[in-house]
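Results of the structural survey
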Amino acid sequence: MKTLGEFIVEKQHDFSQATGELTALLASVKLAAKIVHRDINKAGLVDILGGNGVHNVQCEAQTKLDAFANETFKAALEARGEVAGIASEEEEHLIAFNSERARAAKYVVLLDPLDGSSNCDVNVSVGTIFSIYRRVSPLGTAVTLADFLQPGQQQIAAGYVIYGSSTMLVYTTGHGTHGFTYDPTLGVFCLSHENIRAPTQGTLYSINEGNQHYFPLGVKRYLQYCQTPDPATSRPYSARYIGSLVADFHRNLLKGGIYLYPRTPPYPQGKLRLLYECNPIAFLAEQAGGRASNGGQRILDIQPTTLHQRSPLFVGSITMMDQLESFLKE
Ligand code: AHM
Ligand code: MG
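Because the structure is predicted, anything quoted here is derived from the model rather than measured.

1. Some details on the coordination of the magnesium ion (ligand 2)
For the magnesium ion (ligand 2), the protein coordination sphere consists of D112 (OD), D115 (OD) and E277 (OE), at 1.8 to 2.0 Å. Judged by its relative accessible area of 0%, D112 is buried.

In structure tokens:
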């Protein structure tokens, strides 16, 4: 059995100028994930389900667990002084950590502390998504917006924690995508899915089909293609949609499939956040042999302009992505 901690130390040599800071940073993520795991698992027993009456910067109702996960990750990332600042889906502005050690730190972290959080109320899987960049501002100063508005291809590491039938942490540092299953009796994440390879062709498609009426024509045509019987290509494909990006992506990553969230009139720029959701998921997908785009451009090539920017997201097995894009181009 290999633990996440051992694996990270073993792979530390993958970084030029590795000084152990990224290892320490990932240890903070690991600790916060264990705390959130513990509290989600008690969710029906203590007063932590439902909303807290607050709306976040995107006018979305915040749940108690959103706020709890946000505070937990923020505290864990600040505590060791390995992170210069964070940006979170639950915070309007970036947060610059102020200790001398933090100001001298190399990395910034972007977070969706609890993605799909409303699913907790009905015992459905949710996740934490994280993305790590090397800052571009001078060491020793407070972080600036430019540190966070970097294209996804600049990510040093990214990952997610899925709180599902088991809790797993999946991450990449640009050397493959690796998965670790949490053993709550030991309190450790154990390597269970080394070097995940997404099937090049899958038979699952994931989209909120209730919005069908709004979809761009290319997406509608692709869905018709997915639903048209053709034994040679194993169609019709199966529709699978949890409404929790981490869970939908995780399933498609392991089984082969495609996740789609196009523009719709309620979300003319797409619903998902480029920095907290699309970029880390795209990095993990590519490192597993999959692909991610906004329908016209590789997600990781997009230059962000604002912290809470949204984007359409199409991500999954490469053959399915190719097929989708041929419909989008028509
Ligand atoms: P959230 O970050 O506010 O939880 O929203 C993101 C979630 C994703 O997890 C999920 O894939 C999507 O929103 C579901 O949206 P919809 O309910 O429109 O299908
Ligand atoms: Mg989210």
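2. What to know about the nonpolar core
One finds L25, L77, L114, I132, Y163 and Y171 to be the most contacted residues of the largest nonpolar core, which totals 38 residues. The greatest single-element share of this core, amounting to 8 residues, is contributed by helix 2 (residues 21-41). Excluding residues within four positions of it along the chain, Y163 makes contact with A33, V36, H37, I40, F73, L114, S125, V126, G127 and T128. Counting residues in each nonpolar core, the second largest holds 30 residues, with L245, I281, F283 and V315 among its members.

3. Here we look at the side chain of T3
Within the secondary structure, T3 sits in the segment before helix 1 (4-11). For T3, a relative accessible area of 17% corresponds to the buried category. Non-local contacts of T3, meaning those with residues more than four positions away in its chain, are made with F180, V188, F189 and C190.

4. Here's the deal with the sheet that holds strand 15 (residues 291-293)
Reading across the sheet, the 5 strands line up as 12-11-13-17-15 and stay open at both edges, with mixed pairing between neighbours. The open sheet has two edge strands, strand 12 (238-239) and strand 15, and neither has a second partner. Helix-sheet contacts for helix 9 (residues 318-329) involve strand 11 (204-206), strand 13 (257-261), strand 15 and strand 17 (313-316), and the interaxial angle to strand 15 is about 25 degrees.

5. A look at the environment of I242
Mapped onto the elements, I242 comes out in the loop between strand 12 and helix 7 (245-255). Distance in space between the C-alpha atoms of I242 and S206 is 8.1 Å, their sequence separation being 36 residues. For I242, the contacting residues outside a window of four places in its chain are N119, V124, A247, D248 and R251.

6. A word on the domain arrangement of the protein chain
Split by domain assignment, the protein chain resolves into domain 1 (4-193) and domain 2 (204-329). Its C-alpha centre places domain 1 at a distance of 23 Å from the equivalent point of domain 2. Taken together, the contact between domain 1 and domain 2 spans 49 residues of the former and 32 residues of the latter. Buried surface at the junction of domain 1 and domain 2, summed over both partners, amounts to about 2900 Å²; 62% is from carbon and sulfur atoms.

7. Things to note about the packing of aromatic side chains
Applying the stated rule across the entire model yields 9 aromatic pairs. Note on F7 and F180: the rings are 5.2 Å apart at their centroids and 65 degrees apart in plane angle, and the pair reads as edge-to-face. Separated by 173 residues along the polypeptide, F7 in helix 1 and F180 in strand 9 (residues 177-183) bring together distant segments of the chain. Note on accessibility: F7 and F180 belong to one class, buried. Aromatic ring contacts, followed pair by pair, group Y222, Y225, Y237 and F327 into a single cluster. Positioned over the ring face of Y225 is R235, at 3.7 Å from the centre of the ring.

Rules used in this analysis
- Residues numbered from 1 in each chain as written.
- Chains lettered and ligands numbered in written order.
- Predicted model: local features only at pLDDT ≥ 70, side-chain atom pairs only at ≥ 80, totals over all residues.
- Heavy atoms only, no water.
- Donors = N, O, S within 2.8 Å, 3.2 Å for Na, K, Ca; no water.
- Buried < 20%, exposed > 50% of the residue type's maximum accessible area, 1.4 Å probe, protein only.
- Core = buried A, V, L, I, M, F, W, Y, C linked by side-chain atoms within 4.5 Å.
- Helix = DSSP H or I, 4+ residues; strand = E, 2+ residues; numbered from the N terminus.
- Contact = heavy atoms within 4.5 Å.
- Pairing = 2+ DSSP bridges.
- Axes fitted to C-alpha atoms, helices over the stretch in contact; angles between N-to-C directions.
- Domains from an automatic or database assignment.
- Buried area = accessible area lost by both parts, 1.4 Å probe.
- Phe/Tyr/Trp six-rings, centres within 6.5 Å; stacked < 30°, edge-to-face > 60°.
- Lys NZ or Arg CZ within 6 Å of the ring centre and 35° of its normal.

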